[in-house]
Amino acid sequence: MIPKLFGNKQSDDELRVWVPGCATGEEAYSIAMLLHEHAGRVDDPPEIKIFATDVDDDALHSARKGRYAESIVTDLTEERLHRYFNKTGHG
């Protein structure tokens, strides 16, 4: 599906993706990683914009921090961990 989202878009176009119910942001960040990886395989990728929403203000506040528990290491490849995350303190 992701290649289809890029369609005939070029660098002067935008690819907009909406992630509803984003809770703590893991869903939106996962989509961002997948789109970024595909953009790296495209000659002239569009600008990517991701909109994430949730009805829970506390969840959005948490998502904006971009901090995740260390337990994510079991869900991600070593390459993605090194490419997209920085370990700090407790996460």
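As the structure is a computational prediction, the values presented were derived from the model and not from experiment.

Asker: Could you clarify how one ought to interpret the overall build of the chain in this entry?
Answerer: The helix and strand tally for the chain stands at 4 helices and 2 strands. Seen in sequence order, the chain has helices and strands lined up from the N terminus as α-β-α-β-α-α. Dimensions of the chain, computed from C-alpha atoms along their principal axes, come out at roughly 40 × 30 × 20 Å. The 91 residues of the chain split such that 24% are buried. Long-range pairs, those at least 24 residues apart, make up 71% of the contacts in the chain with a sequence separation of at least 6. Within the structure as shown, the chain displays about 6700 Å² of accessible surface, and the carbon and sulfur contribution to it stands at 51%. The averaged location of the 17 negative side-chain charges in the chain is 1 Å from the averaged location of its 11 positive side-chain charges.

Asker: What should I look at first to understand the layout of surface pockets in this one?
Answerer: Reported here for the largest pocket is a volume of approximately 360 Å³. Along the wall of the largest pocket there are 16 residues; nearest its centre are Ile72, Phe85, Asn86, Lys87 and Gly91. Per-class residue counts for the lining of the largest pocket are 7 nonpolar, 5 polar and 4 charged.

Asker: Help me understand helix H2 (residues 26-39) in this model?
Answerer: An α-helical turn contains 3.6 residues, so a residue and the one three or four places further along point in the same direction. Spanning 14 residues, H2 covers 20 Å between terminal C-alpha atoms, matching the ideal 20 Å at 1.5 Å per step. When we look at burial in H2, the residues that qualify are Ala28, Met33, Leu35, Glu37, His38 and Ala39. For H2, the elements touching its buried residues are helix H1 (2-6), strand S1 (14-20), strand S2 (47-53) and helix H4 (78-84).

Asker: Any chance you could explain a nonpolar patch on the surface here in plain terms?
Answerer: Nonpolar side chains collect at one region of the surface, where Ile31, Leu34 and Ile50 lie side by side and expose about 190 Å² of accessible area between them. Note on placement: Ile50 falls in strand S2.

What counts and how
Residues numbered from 1 in each chain as written. Predicted model: local features only at pLDDT ≥ 70, side-chain atom pairs only at ≥ 80, totals over all residues. Heavy atoms only, no water. Helix = DSSP H or I, 4+ residues; strand = E, 2+ residues; numbered from the N terminus. Buried < 20%, exposed > 50% of the residue type's maximum accessible area, 1.4 Å probe, protein only. Contact = heavy atoms within 4.5 Å. Areas by Shrake-Rupley, 256 points an atom, 1.4 Å probe, with all protein chains shown as cover. Lys, Arg positive; Asp, Glu negative; His and termini not counted. Charge placed at Lys NZ, Arg CZ, Asp CG, Glu CD. 1 Å grid on protein atoms, 1.4 Å probe; cavity = no way out; pocket = protein on both sides within 12 Å on 5 of 7 lines; lining within 4 Å. Points joined across faces, edges and corners; volume = space filled by probe spheres on them. Nonpolar A, V, L, I, M, F, W, Y, C, P; charged D, E, K, R; others polar. Expected span 1.5 Å × (residues − 1). Patch = residues over 30% accessible without salt bridge, like charges linked within 9 Å, V, L, I, M, F, W, Y side chains within 5 Å. Salt bridge = Lys/Arg side-chain N within 4 Å of Asp/Glu carboxyl O.

All quantities given are derived from atomic positions and should not be read as evidence of function.
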